[in-house]
Amino acid sequence: MTPAPDRTPSRAVPGATLLHVIALLVPSPHRDEWRAEWIAEATHVWRAAVEVGSPRALTAARLRRRCLGAVADAFWMRRRHG
C-alpha cells in the first residue's frame, strides 16, 4: 500500500508567507510562476527534513533563511522583466 500524499498547505511550510510577500517584487506576468517555484522548493526541503527526523525548529530557521535568498532572485526578475 502506498502512503497518502502529504497535503501540507503551502503556508504551513516555514518561509512560505515570506515568499508570498517577496513575490510582490516580481513583475506580475511572472509572479505566479516565480512564487510556485519557490514554494515548491521550500515545501520539498521541509518535507524531506521532517521525513528524516530533522529538528523542526532548526530546519524551520534554516528554511526561512534560505527563503531570504528569494529577495535577490525577485530583484533580478524585476530588472530582467520589469
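Read on for a plain summary of the structure. (Residues numbered from 1 in each chain as written. Predicted model: local features only at pLDDT ≥ 70, side-chain atom pairs only at ≥ 80, totals over all residues. Heavy atoms only, no water.)

## A word on the overall build of the chain
A count of helical and extended segments in the chain gives 4 helices and 0 strands. Ordered by position in the sequence, the α and β elements of the chain form the string α-α-α-α. In the chain, which comprises 82 residues, the proportion classed as buried is 30%. Taking as baseline every contact in the chain between residues at least 6 positions apart, the subset at least 24 positions apart corresponds to 64%. (Helix = DSSP H or I, 4+ residues; strand = E, 2+ residues; numbered from the N terminus. Buried < 20%, exposed > 50% of the residue type's maximum accessible area, 1.4 Å probe, protein only. Contact = heavy atoms within 4.5 Å.)

## Side note on the nonpolar core
Judged by nonpolar contacts, the single largest core of 17 residues is most densely connected at Val13, Leu19, Trp34, Ala42 and Ala70. Sorting the residues of this core by element identifies helix 1 (16-22), helix 2 (28-51), helix 3 (56-68) and helix 4 (70-81) as the ones contributing at least two each. (Core = buried A, V, L, I, M, F, W, Y, C linked by side-chain atoms within 4.5 Å.)

## Details of helix 3
If you check helix 3, its first and last C-alpha atoms are 18 Å apart, about what 13 residues at 1.5 Å a residue would give, namely 18 Å. Listing the buried residues of helix 3 in full gives Thr59, Ala60, Leu63 and Cys67. Mapping the buried residues of helix 3 onto a view down its axis gives an arc of 100 degrees, with all of them on the same face. Of the residues in helix 3, the exposed ones pointing more than 90 degrees away from the buried face are Ala57, Arg62 and Arg65. On the buried face of helix 3, the contacting elements are helix 1, helix 2 and helix 4. (Expected span 1.5 Å × (residues − 1). Arc of directions from axis to C-beta.)

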